[in-house]
Amino acid sequence: MNEREGNSMRNFKPSGRSLRRSGLLVGALCLGLVVTATGPAAADSDIINASGGQCQGQWLSADNQFRIRDADNDDSDYCYVDYSWNSAHTERSRVSRPQDINTNWGYYDVTVTAQVIYFHVCKERQDDPDVCSRWVSATT
């Protein structure tokens, strides 16, 4: 590179228009990376409680299953999860933990048919209305 070319590069000042274009391009690329990186990702739900924590349930996205725990083995009730693939909670399915077998977690496979699953955790009571958590959603 000769002295003349070196001086011309040192004295180069981009126009405001080219800086704006460069800034927009860099901004668009960064936004694209952020959207791609933070797009819908499968994640386990929080542990959901019903009846003061006597029944617990959680969606495990990596395994496509629910885990359910009956923390109260001194009654004749059992715990279950109702789930649906739409926010109206129609066409529900159910997985349940057998009555009073132990206080460990039980794992129940689900065939995934959508990107979001809606569910609630319930305690079935023999002679009274069931006690359920609010409906929650999780990414599958």
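Before any of the text, the structure's been laid out above.
Going along each chain's sequence as written, the residues are numbered from 1 onward. Local features are withheld for residues below a pLDDT of 70 in this predicted model, meaning they are given only at 70 or higher, and side-chain atom pairs are given and counted only at 80 or more; totals for whole chains, interfaces and linings count all residues. With hydrogens and water excluded, all non-hydrogen atoms of the structure serve as input to the side-chain values.

Re the pairing of strand E3 (residues 65-70)
Our working rule: Partly exposed describes any residue whose relative accessible area lies between the buried limit of under 20% and the exposed limit of over 50%, with all areas from a 1.4 Å probe on protein chains only and scaled to the type maximum. Only DSSP runs of H or I covering at least 4 residues are called helices, and only runs of E covering at least 2 are called strands; the numbering of each starts at the N terminus. One bridge is not enough; two strands pair if DSSP finds at least two bridges between them.
Burial of E3 is extensive: 5 of the 6 residues sit out of reach of the surface. Judged from the 6 bridges that link them, strand E2 (residues 55-60) and E3 form a sheet pairing that is antiparallel. Residue pairing in the sheet places Leu60 in a bridge with Gln65 of E3. Here E2 folds back onto E3, and the loop between the two strands holds 4 residues, one of which, Asn64, carries a positive phi near 50°. Of the pairings in the sheet, the one linking E3 to strand E6 (residues 105-109) comprises 5 bridges and is antiparallel in character. The partner of Gln65 across the bridge, within E6, is Asp109.

Some remarks on the environment of Gly53
Relative to the helices and strands, Gly53 resides in the loop between strand E1 (48-50) and E2. With 17 residues separating them along the chain, Gly53 and Asp70 place their C-alpha atoms 8.7 Å apart.

Considering the packing of aromatic side chains
For the record, the criterion: Two rings from Phe, Tyr or Trp (for Trp, the six-membered ring) form a pair when their centres are within 6.5 Å of each other. A pair whose planes differ by under 30 degrees is stacked, one over 60 is edge-to-face, and the rest are tilted.
Scanning the model with the defined rule gives 5 aromatic pairs in all. Taking 5.0 Å as the distance between ring centres and 65° as the angle between the ring planes, the aromatic pair formed by Phe66 and Phe119 counts as edge-to-face. Taken together, the positions of Phe66 in strand E3 and Phe119 in strand E7 (residues 116-124) put the pair 53 residues apart, joining distant regions of the chain. Look at Tyr78 and Tyr80: their rings are 6.0 Å apart centre to centre, the planes differ by 45°, and that puts the pair in the tilted class. Given a relative accessible area of 3%, Tyr80 falls into the buried group. Here the aromatic cluster, defined as three or more aromatic residues joined through ring pairs, consists of Trp59, Phe66, Tyr83, Trp85 and Phe119.

Digging into the state of the cysteines
This is how the line gets drawn: The rule for a disulfide is simple: a pair of cysteine sulfur atoms within 2.5 Å.
All chains considered together, the criterion is met by 2 disulfides. At a sulfur-sulfur separation of 1.9 Å, the disulfide partner of Cys55 is Cys79. The sign of the -75° torsion about the S-S bond sets the Cys55-Cys79 disulfide as left-handed. Of the two residues, Cys55 is situated in strand E2 and Cys79 in strand E4 (residues 78-84); the sequence distance between them amounts to 24 residues.

Remarks on the environment of Arg94
For clarity, the cut-off: Working rule for contacts: check all heavy atoms of both residues, and any pair within 4.5 Å makes them a contact. Polar contacts here mean pairs of N or O atoms no more than 3.5 Å apart (in protein, one a potential hydrogen donor and the other a potential acceptor; neighbouring residues in sequence count only if both atoms are side-chain atoms).
Positionally, Arg94 belongs in strand E5 (residues 93-97). Sequence separation of Arg94 and Val81 is 13 residues, and the distance between their C-alpha atoms is 5.6 Å. The residues contacting Arg94, other than those within four sequence positions of it, are Tyr78, Tyr80, Val81, Asp82 and Tyr83. Among the polar contacts listed, one links the side chain of Arg94 to the side chain of Asp82, at a separation of 2.8 Å.

As for unusual backbone geometry
In this structure, Asn64 takes a positive phi of about 50° despite not being glycine. A relative accessible area of 29% places Asn64 in the partly exposed class. For His89, which is not a glycine, the phi torsion comes out positive at approximately 65°. With respect to the helices and strands, the residue His89 is situated in the loop between E4 and E5. Taking the relative accessible area as the measure of exposure, His89 reaches 18% and is therefore buried.

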